[in-house]
Amino acid sequence: SEDGMTYTFNLRDDVKFHSGKAMTAADVKYTFERWMDPDTASPTKEYIVNIASVEAPDDYTFVIHMAKPDNNILLRCASTCAGILNQESVEAGGESYGTSVVDGTGPFRFKEYIQDDRTILERFEEYTWGPEIFENQGPAYLEQLVYRFIPEAGTRAMEYQAGNIDIMANATIFASELETISVLDFYGIENFSPIYPVFLQFHLDNGPDEIIRKACNMAVDREELIQTVVGGFATPMYGAMPPDYWEWMEGREYYPHNDIDAANAYLEENGYILADDGYRYKDGQQATFTVIHCSSNEDKKICEILQAQMKKIGVNVVVDSSRVSQFWSFINTNEYECLVMSAQLFTPEDMLGRYLDSANLPFPNRQGFSNERVDELLSIALQTTDPVERQACYDEIQEIALETALWLPIYNRNGFLVYNNNLKGLRAHSTLVEGIPKALDLYKEVTE
């Protein structure tokens, strides 16, 4: 509707679940109501917080009624967490749904999951409703997809060299390994540009004070991090948004860059005095904070390099790797001081709203940040139809975030897929971190 309060979807009448049941508007309604239900405890509940209700007036019409306009609602409906569910399968699967029981509508259906080893998908022969962005609308050419979980980088490279892996996403291979495998005659690489910033999140109550946070922003050497951690496959990030994000959300450059002298002078001016042990102290308290990370080797390496960089300004960064196994549950306790976070951005709210809106306390706003002006600006930006007004809102929010030194932005990761070049029809999809969309056009060229 013109006022942005009603969205009506006319559904295809030829879509089936993998179980064979026809997909109707009742399934879409069930999916959204389950997503909206507080008892579901969806980690993406803020995506659809502005939906008031949904209805299915007939089998192939689905209607969303908004509580207030939301400029991002269509993008949310296109996100992976909005995949349509078959109520019968979900209820029958119970706690096993999502691991040993899955019932979707995609070109490949679930066959088997072997914990810590692989997931196997097989072609869904009845799939014929592929998007027009693919030459092939279905069924898929490939009979089977096998997703292997190989955490050790050297093993992955060896498996690729042996021809046992057809695709490796950038999230699963270090750029430094490319020199070794790029000489192979079957080597291929596909580049793409996801919006995937990597940054440090400081907890405002538990972590270092604003003086230390700002000094760290001044001292960080992003180029060293980019070259050492991801082999140059990233763009430095200086503000609350990646600098190559859409022009109207361009990140602000707020602090000096890689300026050890400026950081040391700033700490000195604000009472942090360098002691004989090489660290700074103020009122008897050491300038220090502990940073945690998930199981990603990339994130761990970032912590280790930052530890060495911050030593140059007398700040003691303690790297705590003991939280790896329960990282995602632990951070929601809000008991951390600092963490390395990666975020996939579809909309500005994925960064600015997700982590700054006081309505998202205690998580995903895990930093304890609350600001009435930011809440007001987020509300205006989400509802206004004026792009100039929207830009002004995001600009001011970014200024507030940077002035407070909520984050230490590091880089926006560039994307690439390494593949065996006998695989044809591969085209990376930049809205996905891994770059791999529905594999409808993929096929393998067999040579004698």
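Refer to the structure above for everything that follows.
Keep in mind it's a predicted model, so treat the numbers as computed, not measured. Throughout this description, residue numbers start from 1 for each chain and increase along the sequence as written. Totals for whole chains, interfaces and linings use every residue, but because this is a predicted model, local features are given only for residues with pLDDT of at least 70 and side-chain atom pairs only at 80 or more, for both listing and counting. Side-chain metrics rest on all non-hydrogen atoms present in the structure, leaving aside hydrogens and water.

> Which parts of the structure should I look at to understand the sheet that holds strand S12 (residues 280-282)?
Sheet strands line up and pair through hydrogen bonds in the backbone, either parallel or antiparallel. Each pair of strands is called paired provided DSSP finds at least two bridges between the two strands. Runs of H or I in DSSP of at least four residues are treated as helices and runs of E of at least two as strands, each being numbered from the N terminus. Sheet architecture is open: three strands sit in the order S11-S12-S13, paired in antiparallel fashion. Of all the strands in the sheet, the pair left with one neighbour each is strand S11 (273-274) and strand S13 (285-286). Pairing geometry for S11 and S12, over two bridges, is antiparallel. Of the residues in S12, the one forming a bridge with leucine 274 is arginine 280.

> Please clarify how the sheet that holds strand S1 (residues 6-10) should be interpreted in this entry.
Pairing is antiparallel across the open sheet formed by three strands, whose spatial order is S1-S3-S2. Edge positions in the open sheet fall to S1 and strand S2 (51-58), since each of these has one partner strand only. Between one strand and the next, the sheet's axes are offset by a mean angle of 15°, whatever the strand orientation. Contact criterion: two residues are considered in contact whenever any of their non-hydrogen atoms come within 4.5 Å of each other. Every axis corresponds to a line fitted to the C-alpha atoms, with the helix fit spanning only the stretch in contact, and the corresponding angles, defined between N-to-C directions, vary from 0 to 180 degrees. Sitting on the sheet, helix H1 (residues 25-36) is in contact with S2 and strand S3 (61-66), with an inclination near 165° to S2.

> Looking at this model, I keep getting lost on a nonpolar patch on the surface. Mind explaining?
Together, Tyr113, Tyr147 and Phe149 line one region of the surface with nonpolar side chains, adding up to about 290 Å² of accessible area. For tyrosine 147, the location among the structural elements is in strand S6 (residues 144-148). Patch membership requires over 30% relative accessible area and the absence of a salt bridge. Like charges are linked within 9 Å, and nonpolar side chains (Val, Leu, Ile, Met, Phe, Trp, Tyr) within 5 Å. Only the protein chains shown count as cover for residues, and the accessible areas themselves come from Shrake-Rupley with a 1.4 Å probe. Salt bridge, as used here, is a side-chain nitrogen of Lys or Arg placed within 4 Å of a carboxyl oxygen of Asp or Glu.

> Looking at this structure, how should I read helix H13 (residues 387-404)?
In an α-helix, one turn spans 3.6 residues; hence positions three or four apart end up facing the same way. Between the first and last residue of a helix there are one fewer steps than residues, each counted as 1.5 Å, and that sum is the expected span. Helix length check: H13, at 18 residues, gives a terminal C-alpha distance of 26 Å against a target of 26 Å (1.5 Å per residue), a fit within 8%. Arg390, Cys393, Tyr394, Asp395, Ile397, Gln398, Ile400, Ala401, Leu402 and Thr404 are the residues of H13 that are buried. Polar contact is the term for a pair of N or O atoms within 3.5 Å; when the atoms are in protein, one must be able to donate a hydrogen and the other to accept it, and sequence-neighboring residues count only if both atoms are side-chain atoms. Between a side-chain oxygen at the N-terminus of H13 and the backbone nitrogen of valine 388 the separation is 3.0 Å; the capping residue is aspartate 386. Alanine 405, located one to two residues past H13, shows a positive phi value of around 55°. For every residue, the accessible area (1.4 Å probe, protein chains only) is compared with the maximum for its type, and the residue is labelled buried under 20%, exposed over 50%, or partly exposed between those bounds.

> Would you explain the environment of glutamine 144 in this entry?
Tracing the backbone shows glutamine 144 in strand S6. Sequence spacing of glutamine 144 and methionine 36 is 108 residues, and the spatial spacing of their C-alpha atoms is 34 Å. If we skip the residues at most four places from it in the chain, glutamine 144 touches Phe108, Lys111, Ile120, Leu121 and Glu122.

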